[in-house]
Amino acid sequence: MIVPRRAVVWAALVFGAVGTMGAQAPSALPIPAEEARVKDALAAGKADEALAALPSALDAREAQASLDPAAAAGAIDDLGAAVFEGTGGSDAAIAAAEGAFRRALALRTRAFGERGAETAKSFSTLSTFAYLRGRWDDAETWERRALEIRREALPAGDPGIAESLDGIGVVLVRQGRLADAEPLLTESVRIYSGATGVDPGKLLEAENSLAETYRQQDRLEDSERTFRSAIADAEKLGAPAAPLLARLQNNLGGLLKDEGNLAGAEDLTRRSLALREAAAEPDPADLSVGYLNLAEIYRLEGNAAEAEPLYLKSIELARKGLGPDHPDLATHLGQLAVLYRDTGRIDDARRLSDEALALLLRTLGPDHPLLAQALHDRGVLDTGAGRPAAALPRLRRALAIREKAFGRSNFEVAATLTELARAESAGDAAEKTRASANLARALSILDATSAYPETALDARVLRAELARRRGDTEAARADLTAAAAIVESLRPRAGGGEATRASFLAKHVEVYEGLVDLELSRGGLAAAFAWSERARGRVLLDQLASARVDLRQGIPEPRRSELKARETAARARLAEWQARTAALPSRDDLEPAVRQQRIEEAGRELAKAAAEVRRVDEESKNESTLWRSSSGGDPVDVDGVRRLLAPGERLYAYQIGTKGSWLIEIPGGASPAVFRRLAVGPAAAKELGLAAGPLTSAGLEKVLDGPAGLLAELERPPVPGFPDDTPKVLAALFEVLVPDTSRADWKSANGAVVIPDGPLARLPFEALMPRPGYWIDGGPAVRYSVSATVLRALAGRPPVPSSGGLLSVADPDYGAAGSSRWSRLPGTARESDLVAAAFRAKAPGVALALLRGADAREPAVRAALPGKRFVHLAVHGLVDSGRGDLLAALALAPSRAAAHGPEDDGLLQLFEIYELDLDSEVAVLSACATHAGTSVAGEGVFALSRGFLARGARRVVASQWAVDDASTATLVASFFESIAESSVAGRAADYPAALAAAKRAVRSDPATAAPFYWAPFVLTGLR
């Protein structure tokens, strides 16, 4: 949307300047006392007083016409604009402002005649006034009158003519009349470029308008070139051009968004918003657009938590700045509705959609492009909510409006054709035929443009599904392959940080799922495995590729220093609010109600601080050329997997889909790889509470997740005498996940590499029950990885020096700073003693570094980690599922100093772990839930264990849930004893086998035989 001298909302189309309303050049005429009273009342917020004083002020200014009629008329325009903008846009203010503008028109007409060039200024002012109120037909009429006069009264190249051409062009674009607008805007730019002594901002405004028109015409290269040229010129003008620079950056950001370059769009949008916020008197309508556009970027990046408050703020400001009846308000309402649709809040989405549609119909009528957008969005909402029949008439109406406004080959038309086809695909055979035709037409448009690549992706996925239904697998394969190519091209531009990249790929995981299913259905195991690998662990691969690189290299100064300073401040604020939040529950000096209020306030501040830490990281990576180019390379193939496996070891790669699931088995030898379709048999179905048939992601989630799900049962200590159906469920799940045709090879395997998918990432396979007993009793030792390609990356690291020692951190003194935030862990001291004793007895040459009590502080741990071959951390593990992975941490001893920074606050957080200097054979995180966290489709779990793997550990042993102190001490000590024996014998340790033996040692004790005690610890990484 464009607002004169304000900003652009990408979903609509307002930009540039539409004539000039007020803001005349200063004159030598004295300011009447009556006018001073009006402005004083406005400054004091007394709208009624200002309106009451306005007539006298206008009389006083009109009395000055005998001295300088042009200056007097300009002063009257300024008064009208001040009243309109300073009194909240009430009906009385609108009437008063319009009266002032018409009075100025009458004055100019008397002084300069109806056809005088000075009189044309009033028509331009009235055009802008109509435009601001959403009366675009009136705006066009007034500005055409101004142009007619100026062409007659002024020389051919006069800037006044250019101003009217630009004004008309903007109005035409607002009405969707692009073909009519472009020649007018082109001529405006030509005139301004050739004129001398013209305000350079005028040319930039016209270029802004023309560039936005190019964008809507799908001339994206012309649009970007024009925007970038104008931005460069605006930057040279400095502070006076800041409002214009903000609009230009905003509009170029919209263009990059359309092309799928969210990282670039976010950077420009944030810069634009910062300029708006820095204005001496920020305009609420202008600010509303900045917040709306940044919210839209966050939504597209999958960051709903940060998007929603920005949407709400944009609506608040738009209501204040535009009033309740301006059509542009509908854009703000509609975009929040889209967010609610995307996050499943369907009722809220419908409510806002209804409000937006009613407003647009009331103010613009039934044929406007803005209404088409609202109808399009409502159609998408209805289709997604299972009401395609309700969606069809809205989408067809939106299509008709867009075809009329933009032409039949515009990318907006293609977007609606795609959604129309989606709704039609749920209908009968005739509707499905129409859907195929509409998709073909949409793709013919989208293939010819760089705009809306995700719409092209969606269209190809939908067309592939229709092809699969009619049995045309080759057509489906071609479309899904093309869709995957779009995903790959967009992923580096999807946004800066790990979470954004992971969310982007998760959003499109169905593309890879479909290709795996197609290839396996036709026997193409090698191709299916390659596609499966492309959907897994891509962000972790990026992290592995850039682990030793300063990602800020290449960011120019002063931006690099600015980002570093913001990061330091954000982390300090995060540490402060974490400490406050932790301390408040024990504040007995506060009344319960006051304490609870402060806890809630601290929680909100903590969330803000965490969001800023993540935001700075995202911005840094957005601007880092090194991060954008980081990649784990092409996926490993089947033969490459064989080379990664030990003789007799087997890799089990799971593909859990919405309609069916597969298992790919690759042996570490000459035996052929095989694949199995996973199915729930009648007996297993009864125990699992599922329908017999293909295993689906929904079915697996039903079994595993929820308060009564299998994972929740495994995480609870057993209660003697309490009925336990867990063994039956574990046995049935084993039958499904390891089909009977695979069991002979499974039984004889010399180790298993499990590549889980979806909810399986949280399941310890060793707890499955093949009957009799558990997997751990007689099955192969297990190691895990998010992908086989990650294993290849880990195997490619240089060997760890054999001279490295052991670091063991245990029993931190959490009360060292005077108040304890967590309970002491005396059992971990015993665990550390056992680990140290094992090395002293079995490998006395290994140097030991033991940090206990108050010495187990962050700085000491950071300093001790480099060069350690073995790492053992027996501390509290903290995972906040409500705030995601950002606040996951290992709790160390807090600083004893009164003043300390976040690097010594007692929390080694995941984002800090990503920066450690680490080069170890194994890191054992002997704490609660160190392998738990936010799970993202295709990427696995963002857990503390992941950070150690990314920073240099070849393998990590970590826990899936809260662990028992005594059994954990036995397990960890047994594990390290095996490692120490291998170390002194000079042979390579078999880490999975060592962990399996340690688990069996715990299980052999009747008191700790249940999976709760031994199953949570899993090994991720190399053998």
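Residues numbered from 1 in each chain as written. Predicted model: local features only at pLDDT ≥ 70, side-chain atom pairs only at ≥ 80, totals over all residues. Heavy atoms only, no water.

In terms of helices and strands, the protein carries 44 helices and 17 strands. Residues classed as buried in the protein amount to 59% of the 1023 residues present. Residue pairs in contact within the protein that sit at least 24 positions apart in sequence constitute 71% of those at least 6 positions apart. About 38,300 Å² of surface is accessible on the protein, with carbon and sulfur atoms providing 53% of the total. Charged side chains in the protein number 123 positive and 138 negative. The centres of these two groups are separated by 3 Å. (Helix = DSSP H or I, 4+ residues; strand = E, 2+ residues; numbered from the N terminus. Buried < 20%, exposed > 50% of the residue type's maximum accessible area, 1.4 Å probe, protein only. Contact = heavy atoms within 4.5 Å. Areas by Shrake-Rupley, 256 points an atom, 1.4 Å probe, with all protein chains shown as cover. Lys, Arg positive; Asp, Glu negative; His and termini not counted. Charge placed at Lys NZ, Arg CZ, Asp CG, Glu CD.)

Now for helix H34 (residues 726-737). If you check H34, its first and last C-alpha atoms are 16 Å apart, about what 12 residues at 1.5 Å a residue would give, namely 16 Å. Counting buried positions along H34 gives nine out of 12 residues, so the element sits mostly inside the fold. All buried positions along H34 are accounted for by Thr726, Val729, Leu730, Ala731, Ala732, Leu733, Phe734, Val736 and Leu737. (Expected span 1.5 Å × (residues − 1).)

A cis amide bond links Glu557 with the next residue in sequence, Pro558, at an omega value of 5°. Relative to the helices and strands, Pro558 is located in the loop between helix H26 (538-545) and helix H27 (559-583). Cis rather than trans, the peptide bond between Arg771 and Pro772 has omega equal to -5°. Tracing the backbone shows Pro772 in the loop between strand S5 (752-755) and helix H36 (775-778). In this structure, Asp811 is a non-glycine residue whose phi angle is positive, near 45°. Structurally, Asp811 is set in strand S7 (residues 806-812). Asp811 gets classed as buried once you look at its relative accessible area, which sits at 10%. Residues other than glycine seldom take positive phi values, yet Ala929 does so here, at roughly 55°.

Here we take up the pairing of S5. The alternating pattern of S5 places Ala752 and Val754 on one face and Val753 and Ile755 on the opposite face, and all of these are buried. Pairing of strand S1 (residues 650-656) with S5 involves four bridges; the strand directions are parallel. When the bridges of S5 are listed, Tyr652 appears paired with Val754. Sheet topology note: the S5/strand S6 (residues 782-784) ladder contains three bridges and is parallel. In the strand pairing of S6, Ala752 is matched with Val782. (Pairing = 2+ DSSP bridges.)

The next point concerns the environment of Ala130. Relative to the helices and strands, Ala130 is located in helix H5 (residues 117-132). Discounting chain neighbours no more than four positions away, the residues touching Ala130 are Arg135, Asp138, Ala139 and Trp142.

This paragraph deals with the packing of helix H1 (residues 33-43) against helix H2 (residues 47-63). It is at 7 Å that the axes of H1 and H2 come closest, and there the two elements cross at 155°. What the angle tells us is that H1 and H2 run roughly antiparallel. Judged by the twist between their axes, the crossing of H1 over H2 is left-handed. Only Glu49, Ala50, Ala53, Leu54, Ser56, Ala57, Ala60 and Arg61 of H2 make contact with H1, whose side of the interface consists of Glu34, Glu35, Val38, Ala41 and Leu42. Class assignment of the residues belonging to the contact of H1 with H2 gives a composition of eight nonpolar, one polar and four charged. (Axes fitted to C-alpha atoms, helices over the stretch in contact; angles between N-to-C directions. Parallel < 35°, antiparallel > 145°, perpendicular 65-115°, else oblique. Left-handed = near helix turned anticlockwise from the far one by under 90°. Nonpolar A, V, L, I, M, F, W, Y, C, P; charged D, E, K, R; others polar.)

It is worth spelling out the nonpolar core at this point. The biggest cluster of nonpolar side chains holds 183 residues, and the ones touching the most others in it are Phe529, Leu651, Val809 and Phe948. Ranked by size, the runner-up nonpolar core spans 72 residues in total, among them Val680, Met769, Ala996 and Val1002. (Core = buried A, V, L, I, M, F, W, Y, C linked by side-chain atoms within 4.5 Å.)

All of the buried residues in helix H37 (residues 788-795) are Ala788, Thr789, Val790, Leu791 and Leu794. Between the side-chain oxygen at the start of H37 and the backbone nitrogen of Thr789 there is a gap of 3.4 Å, and the oxygen is on Ser787. (Polar contact = N/O pair within 3.5 Å; in protein donor to acceptor, adjacent residues only side chain to side chain.)

Further remarks concern the environment of Ser122. Residue position: Ser122 is located in helix H5. Distance from Ser122 to Gln655, taken between C-alpha atoms, is 68 Å for residues 533 residues apart in sequence. The residues contacting Ser122, other than those within four sequence positions of it, are Phe101, Ala104, Leu105 and Arg108.

Moving on, we get to the confidence of the model for the protein. Note: predicted coordinates in regions of low pLDDT should not be interpreted at a detailed level. Of all residues in the protein, 96% attain a pLDDT of 70 or more, and the chain-wide mean is 90. For residues 1-20, every residue scores under 50 in pLDDT, and the model assigns this stretch 126 contacts once sequence neighbours within four places are set aside. (pLDDT = per-residue confidence, 0-100.)

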